[in-house]
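Residues per chain, in single letters:
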Amino acid sequence: MITREEITMLLDHPVYDGEGNKIGDAKHVFFDDMTGRPEWVSVKTGMIGSKESFIPIHDATLVEDHLEVPYAKDQVKNAPSVDIDAGGHLSASEEHRLYEYYGVNWDGVLSDAEPPGTGTAAAAGTAGLAGTAGERGGQDRTAMRGEDDAMTLSEERLRVGVERRETGRARLRKYVVTEEVEQTVPVRHEEVRLEREPITEANRDAALTGPEIAEAEHEVVLHDEHAVVDTETVPVERVRLTTEEWVENETVRGQVRKERLETDGIVTEGSADDVRRPGE
């Protein structure tokens with residue numbers, strides 16, 4: 001169980017669930033008005049906005065610089081919203097509703113809250129600003145940040161961050177198409193042509209070789225060319241997908257709350273912006 005001495009180490013520190021997931025940062029701790037024991041911790045979930053979820057602190061553990069609670073992150077983020085009165089109290093009905101959400105035995109909580117020697121829960125029911133004697137479990141929980149008599153003024157600040165999300169996908173895919181290609185190539189062929197040559201002094205000797213009268217045959221082989229088509233694969237280009245990052249400014253807006261003082265019959269010191277006197 002978290003002790004009062006450990007509260008200063010807890011505030012504004014991370015809160016994790018049992019699986020090691022960060023839920024948020026601890027903002028307030030609520031004490032039992034009667035026993036003075038820490039009962040609840042409020043955790044700010046999300047970077048923007050002022051949503052605070054309540055978690056029972058009874059079974060929480062302070063580990064080094066953070067708090068571990070036995071509840072899943074999604075369960076905490078979806079916890080019901082509750083109202084805190086002007087005195088910073090969590091009413092019995094709101095507390096009961098939260099205990100039911102987290103599955104905590106209400107009667108067991110009441111028995112733990114009874115101080116020694118009281119005998120009955122009804123006798124121990126007087127509590128804080130809104131408690132009533134005789135109302136079982138009527139003790140309220142008061143948010144506290146310290147044990148001295150000084151009042152702490154707090155204000156909320158916007159903590160703006162960025163989150164990276166997927167906006168789309170681009171794919172590069174290659175496929176095969178067949179195209180008709182036409183190309184002209186010259187081809188040659190041979191044809192027979194009969195040449196006649198008169199007998200002259202220059203060719204007489206060649207003409208008189210062989211028998212005078214005889215049968216003879218001479219053969220010539222003819223050739224032609226035909227176009228032959230074949231294909232070969234050659235690389236022509238390399239392509240790839242790349243991303244290009246552009247930076248642009250985006251304006252975000254949110255509401256923050258600030259605590260101010262109201263004085264009555266006393267002289268105050270400090271900034272006039274923080275003090276409002278009756279009638280102003």
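Residues numbered from 1 in each chain as written. Predicted model: local features only at pLDDT ≥ 70, side-chain atom pairs only at ≥ 80, totals over all residues. Heavy atoms only, no water.

A. Structural view of the overall build of the protein chain. Counting its regular elements, the protein chain contains five helices and 10 strands. A total of 280 residues make up the protein chain; the buried ones form 24% of that total. In the protein chain, the share of contacts with a sequence separation of at least 24, taken over all contacts with a separation of at least 6, comes to 56%. Only carbon and sulfur atoms are counted for the fraction: they give 48% of the accessible area of the protein chain, which is about 22800 Å². (Helix = DSSP H or I, 4+ residues; strand = E, 2+ residues; numbered from the N terminus. Buried < 20%, exposed > 50% of the residue type's maximum accessible area, 1.4 Å probe, protein only. Contact = heavy atoms within 4.5 Å. Areas by Shrake-Rupley, 256 points an atom, 1.4 Å probe, with all protein chains shown as cover.)

B. Main features of the pattern of salt bridges. Tallying each qualifying case throughout the model produces 10 salt bridges. Two residues, Asp25 and Arg159, come together in a salt bridge whose shortest N-O distance is 2.9 Å. You can see Asp25 sitting in strand β2 (residues 22-32) and its partner Arg159 sitting in the loop between β8 (141-144) and α5 (204-207), a full 134 residues away along the chain. We classify Arg159 as partly exposed; its relative accessible area is 49%. Its salt-bridge partner being Arg157, residue Glu155 comes within 2.7 Å of it at the nearest N-O pair. Judged by its relative accessible area of 35%, Glu155 falls in the partly exposed class. Put simply, Lys22, Asp25 and Arg159 are held in one network by salt bridges that share partners. (Salt bridge = Lys/Arg side-chain N within 4 Å of Asp/Glu carboxyl O.)

C. Focus on the layout of surface pockets. Here the second largest pocket is characterised by a volume of approximately 1100 Å³. In terms of lining, the second largest pocket is formed by 22 residues, of which the most central are Val162, Glu163, Arg164, Arg165 and Trp246. When the residues that make up the lining of the second largest pocket are grouped by side-chain class, the tally is eight nonpolar, five polar and nine charged. (1 Å grid on protein atoms, 1.4 Å probe; cavity = no way out; pocket = protein on both sides within 12 Å on 5 of 7 lines; lining within 4 Å. Points joined across faces, edges and corners; volume = space filled by probe spheres on them. Nonpolar A, V, L, I, M, F, W, Y, C, P; charged D, E, K, R; others polar.)

D. Fine view of the nonpolar core. If you look at the biggest cluster of nonpolar residues, it comprises 28 residues, and the most contacted ones within it are Leu10, Val15, Trp40, Val41, Ile55, Leu67 and Val69. Among the elements of the structure, α1 (7-10), β2, β3 (38-44), β4 (52-56) and α3 (92-102) are those that each provide at least two residues to this core. The element best represented in this core is β2, accounting for five residues. Beyond its immediate stretch of four places on either side in the chain, Val15 contacts Asn21, Lys22, Ile23, Gly24, Asp25, Ala26, Val43, Ile55, Leu67 and Val69. (Core = buried A, V, L, I, M, F, W, Y, C linked by side-chain atoms within 4.5 Å.)

E. Main features of the pairing of β2. In terms of burial, β2 is largely enclosed, as nine of its 11 residues are buried. Relative to β2, strand β1 (residues 14-16) runs antiparallel, the two sharing three bridges. Paired with Pro14 across the strands is Asp25, a residue of β2. Where β1 hands over to β2, the hairpin turn is made up of five residues, of which Gly20 adopts a positive phi near 85 degrees. In this sheet, β3 lies alongside β2 in antiparallel orientation, the contact comprising six bridges. What sits directly across from Val29, in β3, is Val41. Turn length for the β2-β3 hairpin, with the two strands adjacent in sequence and antiparallel, is five residues, and the turn residue Gly36 shows positive phi of about 75 degrees. (Pairing = 2+ DSSP bridges.)

F. Focus on the pairing of β4. In terms of burial, β4 is a largely internal element, four of the five residues being buried. Bridge analysis of β3 against β4 gives five bridges, and the strand direction is antiparallel. The residue bridging Val41 from the neighbouring strand is Ile55, located in β4.

G. Region of interest: the side chain of His66. Looking at the element boundaries, His66 is found in strand β6 (residues 66-68). Within polar-contact distance, the side chain of His66 engages the side chain of Asp65 at 3.4 Å. A distance of 3.3 Å separates polar atoms of two side chains, one belonging to His66 and the other to Glu68. (Polar contact = N/O pair within 3.5 Å; in protein donor to acceptor, adjacent residues only side chain to side chain.)

H. The packing of aromatic side chains, seen in detail. Going through the model one piece at a time under the given rule, you end up with four aromatic pairs. Seen from their ring centres, Phe30 and Phe54 are 5.1 Å apart, and the 55 degrees between their planes marks the pair as tilted. With a gap of 24 residues between them, Phe30 in strand β2 and Phe54 in strand β4 connect regions that are remote in the sequence. For Phe54, a relative accessible area of 6% translates into the label buried. Judged by centre distance (4.6 Å) and plane angle (45 degrees), the rings of Trp40 and Tyr99 are tilted. Here Trp40, found in strand β3, pairs with Tyr99, found in helix α3; they are 59 residues apart in sequence, far enough to count as distant. The class for Tyr99 is buried, based on a relative accessible area of 3%. Members of the aromatic cluster, connected to one another through ring pairs, are Tyr71, Tyr101 and Tyr102. (Phe/Tyr/Trp six-rings, centres within 6.5 Å; stacked < 30°, edge-to-face > 60°.)

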